[in-house]
Each structure stands twice: as C-alpha cells, then as structure tokens.
Amino acid sequence: MRKQKQKQNRRRLRIALLSTLGVLVVAAGLIYSNRGALAALGYDWFLADKVEESMKDSYKPLSDRPEAEPMAVEDPFSMLLLGVDARANERGRSDTLIYTVVRPEDGKVLMVSVPRDTYADIVGKDKKDKITHAYAYGGAEMAVNSVEELLDADVDHYATINFQGFKQVVDTLGGISLPITKDIVNKGADHEKFTVKANKPNYSGVEALNYVRYREDAGGDMARTERNRVFIEALIHKASSLKQWTKIPEVLDIVGDNFTTDLRPETMNDLAKQFLQTGHSISSYTLKGEGKRMGSQNLWYFVADDDDLNAVRDTIAAWLDPNTPLEKLTTPTDAKKQTSNPML
C-alpha cells in the first residue's frame, strides 16, 4: 500500500513537472513570437520620454509649408535625408541626398541616392546647378523643393544629419564595420590629408568620416555617393543591433544636437515602436548617369540618364502606393533583371 502511494506521488510529481515545463515552453514560445511587441513595450517604458526630450529642439518644420499634423505611421511616406558636412557656424552643403520611402507596416525602406553634383533645376534660384548647392543657397526648403522637381515626387518630410556630430555617435557605439579593402589615401594639394587603413574589423568616428569625405578615387561623385550610403546603412545597422541599452540615451543626446527634421518627436516614437515590431529591410539604389564638363566655366557635373531617371520615378511611385504588393517593391535594377530573365 505504501509502495503504491509512493508510485502515485512520483507520478503526480512527474505530471506536475511536465505541466510546469509545458507552461514554460509555451511561455517562451509566446515571448519569442512576440519579442517585437515586448521590445516595443520596453521602448515605451524606458526610451520614449528620452527620445521626446532629446529631439524636441530638433523639430524644425519647413518655413514654406504648413506645419504638418502628427501623422499615422501605417501609410507609406517619403523623406529626404540630407547628410551635411558642416563645421562650426557653417550651413554647409548637402554632401549626401537620399530620397527615402518608408513603408512602416511592411518594414520596408527604399533609399535612392542622388549624386551631389547632379545637374538639376534649383527651385527658387531659377537656374540649373549642382543639386548640392540647393542646401547652401536656401537650406532644407530649397533642397527639398529641388529634389521634388528632379524626381517628380513629393517629399513628405526631411531630416538633416550633420556628419561632424556622427563622429561621436560612431565612437559611442564602439565603431562601425565598413567594406574597405584597399587603403584610402587623401593626399591632393587642395584636400585634407588622411589615410584610412583597409580590412580593419572596426572603424572609429574619424576614420568613418574620412571614408565619407574621400575625394580622390576614379569613381568621382558616384563613388562618394555610394560611400555615403554605405556609411549611413552601416550606422543604422549598428544602432539597430545595439545591445547596450545604457548607451542609448547618450547616443540620443549626440544625435539631437546634430539632427533637424519636420517629424514630430511623438511621430518618431511611433515609428520606432512600429519598426521594433515588424523589423526592417533596406533596398538601395543610386541614380545613374555620367560626368560632363559644361558651361562657360567648364565645370564638372553629373548628368542623370533620362531612362534611368524615369525608372526611378516609377519605382518611387510604386513604393509610395500602399496597394503595391511586396513582390513588386523592387529597385530599377531588380526590375530589369526580372524583365530580362523569363525564368523569374
């Protein structure tokens, strides 16, 4: 009788242990499957207020447009990213212009890089010039209006990023990875002198900024545009994979001092939480064309290829359409591959 009772007790213990284990497995599964929602909840608890505090002085609506209401973060929208290499007390030029389409519900981002020397109408100056000069002439307003004219697409929002401040961000993040396979040496008589060594696992803020600034390779403006895009994507990747939450407030303070946008801080919070839940993937493309010397001063310009420019306009329109299915969210290069290959 006693042995039978012991057996029953052991059976009950096993059942209890298995039940407990089952509950833990299910709970772990729920946590894993909802890790994005939990991350968003953690963001809400620990970072949302800090983001609003750090970014409140970065909010700068464009003076030539009505101040936008806080937007819903479900619909696709466009944003012009302007990377400005400005020293103290300078407006600087927009060395980097990236027309970006964000699809929050899909977690998809399109980044179209416009070479800084692109020959374009400068809206508000009634002249054609290098598109980088639009920011120097008239700040973000003129840059936004000129890119809209070039791409025949609305710019819903803008953001300027001062690369000077991003030296600090890179160092605070512990450096970033860059695809440098050959030493970069800037040694021209009228250029800054620096060397960035190849094949390092990590690059400091100064090295990353020099990578962006390098001017002496054969690829010219196209190569520099590509490096700027690579730098921004590497920075986004490092920041989004950051595991040291204690560093995030410090990074936010640095960014806040070197960042302006017409996105409200509360909208940035909503977007951050949305992307924490959906994840994100970036598709990149650079406007195609060729370099030419033109005008009375025989200046060098990048002249966009008309066919490629039209393909980019069609691509942007498709990405901005919320009804475009995911398989149609391509870049012009992808679209050509699909058209030319009957197996796809």
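Since the model is a prediction, treat every value here as computed from it, not as a measurement. (Residues numbered from 1 in each chain as written. Predicted model: local features only at pLDDT ≥ 70, side-chain atom pairs only at ≥ 80, totals over all residues. Heavy atoms only, no water.)

When you go through the chain residue by residue, the secondary structure sums to 11 helices and 12 strands. A burial count over the chain gives 46% of its 344 residues as buried. Long-range pairs, those at least 24 residues apart, make up 66% of the contacts in the chain with a sequence separation of at least 6. Looking at the chain as shown, the accessible area adds up to about 18700 Å², and 52% of this sits on carbon and sulfur atoms. (Helix = DSSP H or I, 4+ residues; strand = E, 2+ residues; numbered from the N terminus. Buried < 20%, exposed > 50% of the residue type's maximum accessible area, 1.4 Å probe, protein only. Contact = heavy atoms within 4.5 Å. Areas by Shrake-Rupley, 256 points an atom, 1.4 Å probe, with all protein chains shown as cover.)

A full pass over the atoms with the stated rule returns 1 aromatic pair. When the centroid spacing of 5.0 Å and the interplanar angle of 70° are considered together, the rings of Tyr119 and Tyr301 count as edge-to-face. Here Tyr119 is found in strand S4 (residues 119-122), whereas its partner Tyr301 is found in strand S12 (residues 299-304), with 182 residues between them in sequence. Note on Tyr301: relative accessible area 8%, which makes it buried. In this structure, Lys130 is placed above the aromatic ring of Tyr301, and the distance from its NZ or CZ to the ring centre is 5.8 Å. (Phe/Tyr/Trp six-rings, centres within 6.5 Å; stacked < 30°, edge-to-face > 60°. Lys NZ or Arg CZ within 6 Å of the ring centre and 35° of its normal.)

In this section: the sheet that holds strand S3 (residues 108-114). Read across the sheet, 6 strands follow the order S9-S6-S1-S2-S3-S10 without closing on themselves; strand pairing throughout is mixed. The open sheet has two free edges, formed respectively by strand S9 (259-261) and strand S10 (281-286), since each of these has just one partner strand. Sheet twist, expressed as the mean angle between neighbouring strand axes with direction ignored, is 20°. Here strand S1 (residues 77-84) pairs with strand S2 (residues 94-103) via 8 bridges, running antiparallel. What sits directly across from Leu80, in S2, is Tyr99. Sitting on the sheet, helix H5 (residues 163-172) is in contact with S1, S2 and strand S6 (157-162), with an inclination near 70° to S6. Along the sheet, helix H10 (residues 306-320) contacts S1, S2, S3 and S10; its crossing angle with S2, the most-contacted strand, is approximately 40°. (Pairing = 2+ DSSP bridges. Axes fitted to C-alpha atoms, helices over the stretch in contact; angles between N-to-C directions.)

With that settled, consider empty space enclosed by the protein. Counting across every chain of the model gives 2 cavities of 30 Å³ or more. Estimated volume of the second largest cavity: approximately 30 Å³. Every residue along the wall of the second largest cavity is listed here: Asp95, Thr96, Leu97, Ile98, Ser113, Val114, Thr225 and Asn228. Considering every element that reaches the lining of the second largest cavity, the biggest residue donor is S2, with 4 residues. (1 Å grid on protein atoms, 1.4 Å probe; cavity = no way out; pocket = protein on both sides within 12 Å on 5 of 7 lines; lining within 4 Å. Points joined across faces, edges and corners; volume = space filled by probe spheres on them.)

Within the secondary structure, Ala136 is located in helix H4 (residues 132-151). The class for Ala136 is partly exposed, based on a relative accessible area of 31%.

In this section: the side chain of Asp129. Residue position: Asp129 is located in strand S5 (residues 127-130). Here the side chain of Asp129 touches His133 through a polar contact of 3.0 Å, side chain to side chain. For Asp129, the residues in contact, after removing those within four places along its chain, are Thr118, Tyr119, Ala120, Ile122, Tyr137 and Tyr301. (Polar contact = N/O pair within 3.5 Å; in protein donor to acceptor, adjacent residues only side chain to side chain.)

Of all hydrophobic cores here, the largest spans 43 residues; its most connected members are Val169, Ile176, Leu178, Ile180, Tyr211, Phe231 and Leu235. With residues up to four places along the chain from it excluded, the contact list for Phe231 reads Phe163, Phe166, Val170, Ile176, Leu178, Ala208, Tyr211 and Val212. (Core = buried A, V, L, I, M, F, W, Y, C linked by side-chain atoms within 4.5 Å.)

Treat this as a map of the structure, not an account of what it does.
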